[in-house]
Amino acid sequence: MGEISLCIMTRELCHELFRNWENDPAIYTDMALFKAYQYDEDAVNRYFDTKQNPSRVLLAIMKDGAPIGEIQLKQIDRERRECTLSIHMQNNTFKGCGYGTCAERLAVQYAFETLDLSAVNADTIIKNKRSQHVLEKAGFRFIKEENGFKYYRYER
Ligand SMILES: CC(C)(COP(=O)(O)OP(=O)(O)OC[C@H]1O[C@@H](n2cnc3c(N)ncnc32)[C@H](O)[C@@H]1OP(=O)(O)O)[C@@H](O)C(=O)NCCC(=O)NCCS
């Protein structure tokens, strides 16, 4: 298993990531909304632009010089010193190899050391058992189940 690292997502990396992207059915409560992903240059530019704000850090999960997933630290609250993590690997090739667990640990470290926060939250829809397992494996603590979601938190 090759090493992975995190870096700030650039526009170029974002295009590289989405050129080989696959949507994952695990994140859809309503499967009627699930559609196979189709790369669209303008849509990726819009996506990248909307993520550039002070309450969010968009990170690329890198392996062998290429992006294999994205991880976001969003809802960054400087006063409460917390944020919320979300993660999605590029496609099935990069799932189930340990990269997601490793990326979550690195993102928590980034939140604590680089952003100087003291807690990271995460939530998953109930059916996403893999994500729940991975969050727990990375050290997140289960908090509650509410309105179709399971909530997790990692405190420094
Ligand atoms: C969730 C995700 C980020 C995890 O990353 P990953 O690289 O696939 O995860 P890892 O390989 O590090 O670990 C997978 C673990 O889940 C387990 N697993 C796989 N399918 C599972 C399932 N249906 N139920 C429970 N555990 C499952 C594996 O056995 C493994 O655990 P183990 O090491 O204890 O055996 C990745 O699968 C992904 O991008 N999924 C689609 C998007 C998504 O669900 N994002 C999270 C939204 S909240």
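A brief structural summary. (Residues numbered from 1 in each chain as written. Predicted model: local features only at pLDDT ≥ 70, side-chain atom pairs only at ≥ 80, totals over all residues.)

Here we look at the environment of Phe142
What counts is decided by this rule: Helix and strand definitions here come from DSSP, where helices need a minimum of 4 consecutive H or I residues and strands a minimum of 2 consecutive E residues; each element is numbered from the N-terminal end. Backbone-placed C-beta atoms define the burial measure: a residue is buried with 20 or more other C-beta atoms within 10 Å of its own, exposed with 12 or fewer, and partly exposed in between.
In this structure, Phe142 sits in strand 6 (residues 141-146). For Phe142, a count of 12 C-beta atoms within 10 Å puts it in the exposed group. Between the C-alpha atom of Phe142 and that of Ser5, which follows or precedes it by 137 residues, the distance is 26 Å.

A short note on the site of the ligand
Put simply, the rule reads: Each residue gets a C-beta atom placed from its backbone. If that atom is within 6 Å of a molecule or strand, the residue is near it. Charged residues are taken to be Asp, Glu, Lys and Arg, nonpolar residues to be Ala, Val, Leu, Ile, Met, Phe, Trp, Tyr, Cys and Pro, and polar residues to be all remaining types, Gly included.
Around the ligand lies a shell of 21 residues, among which Met89, Lys95, Gly100, Thr101 and Lys129 are the nearest. Class assignment for the residues of the shell around the ligand results in seven nonpolar, nine polar and five charged.

Side note on the pairing of strand 7 (residues 149-155)
So the rule is basically this: Strand pairing is assigned whenever DSSP identifies at least 2 bridges connecting the two strands.
Sheet analysis places strand 5 (residues 119-125) next to strand 7, joined by seven bridges and oriented antiparallel. The residue bridging Ala122 from the neighbouring strand is Tyr152, located in strand 7. Two elements, strand 6 and strand 7, share five bridges in a ladder whose sense is antiparallel. Paired with Glu146 across the strands is Phe149, a residue of strand 7.

Some words on the packing of helix 3 (residues 99-113) against helix 4 (residues 129-138)
For clarity, the cut-off: For every element, the axis is a line fit to its C-alpha atoms; helices are fit only across the contacting stretch, and the angle between N-to-C directions ranges from 0 to 180 degrees. An angle counts as roughly parallel when it lies under 35 degrees, as roughly antiparallel when it exceeds 145, as roughly perpendicular when it falls between 65 and 115, and as oblique in every other case. Should the near helix be turned anticlockwise from the far one by less than a right angle, the crossing is left-handed, and should it be turned clockwise, the crossing is right-handed. Residue pairs qualify as contacts under a 7 Å threshold applied to their C-beta atoms, which are placed from the backbone.
It is at 9 Å that the axes of helix 3 and helix 4 come closest, and there the two elements cross at 50 degrees. As summarised for this structure, helix 3 and helix 4 are arranged oblique, according to the angle between their axes. Taken as a pair, helix 3 and helix 4 cross one another with a handedness that is right-handed. Judged by residue contacts, Gly100, Thr101, Glu104 and Arg105 of helix 3 engage Val134, Leu135, Lys137 and Ala138 from helix 4. A breakdown of the residues in the contact of helix 3 with helix 4 according to their chemical character gives three nonpolar, two polar and three charged.

Comments concerning the nonpolar core
Note the cut-off: Note on terminology: a nonpolar core is any set of buried Ala, Val, Leu, Ile, Met, Phe, Trp, Tyr and Cys residues joined through C-beta atoms within 7 Å.
Ranked by size, the top nonpolar core spans 30 residues in total, and within it Ile71, Ala107 and Val120 carry the most contacts. Residue assignment for this core shows that the elements contributing at least two residues are helix 1 (11-19), strand 2 (57-63), strand 3 (66-77), strand 4 (82-89), helix 3, strand 5, helix 4 and strand 7. Of all the elements, helix 3 adds the most residues to this core, at five residues. The residues contacting Val120, other than those within four sequence positions of it, are Glu82, Cys83, Leu85, Val108, Ala111 and Tyr154.

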